[in-house]
Amino acid sequence: QVQLVESGGGLVQAGGSLTLSCAASGSIFSINAMGWYRQAPGNERELVAQIDSGGSTNYVDSVKSRFTISKNNAKNTVYLQMNSLKPEDTAVYYCNVRGRQPNYVRYDAWGQGTQVTVSS
């Protein structure tokens, strides 16, 4: 089983910055993709950013140029650096990691969610 632990959320003023971290542990043979999703009350969950095993990244248009996703393979950790935060970035952010367990069974793991609140 694969577990994800998120950290780094909090309250920040508009224009400020936060960095989210997500550490994966457990039965991991390989990681194929890591990503961050967010969901605000009354809104649909959306993919914010993802990074694949080769390091290729993509972002939802609303955060492009402001957010940066990165990873540390040795630590099985993915980060989301968020700059120039806006009130509309307020949401619960969820980490997602997909890959293979040592028995080659696929996994699709989710973090517990961390609240990001941006005040105006």
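Refer to the structure above for everything that follows.
In this report, the structure presented in the accompanying data block is examined. (Residues numbered from 1 in each chain as written. Predicted model: local features only at pLDDT ≥ 70, side-chain atom pairs only at ≥ 80, totals over all residues. Heavy atoms only, no water.)

## Some details on the pairing of strand 11 (residues 114-119)
Of the two faces of strand 11, only one is covered, namely that formed by Thr114, Val116 and Val118; the face formed by Gln115, Thr117 and Ser119 stays uncovered. Pairing between strand 2 (residues 10-13) and strand 11: four bridges, direction parallel. Its bridge partner lying in strand 11, Leu11 is registered against Thr117. The pairing of strand 9 (residues 91-100) with strand 11 spans three bridges and is antiparallel. Of the residues in strand 11, the one forming a bridge with Ala91 is Val116. (Buried < 20%, exposed > 50% of the residue type's maximum accessible area, 1.4 Å probe, protein only. Helix = DSSP H or I, 4+ residues; strand = E, 2+ residues; numbered from the N terminus. Pairing = 2+ DSSP bridges.)

## Describing unusual backbone geometry
Positive phi, normally seen in glycine, also occurs at Ser84, with a value near 50°. On the secondary structure map, Ser84 appears in the loop between strand 8 (77-82) and strand 9. Residue Ser84 is classed as partly exposed on the basis of its relative accessible area, which comes to 41%. Positive phi outside glycine occurs at Tyr104, with the angle close to 75°. On the basis of relative accessible area, Tyr104 is assigned to the exposed category, the value being 54%.

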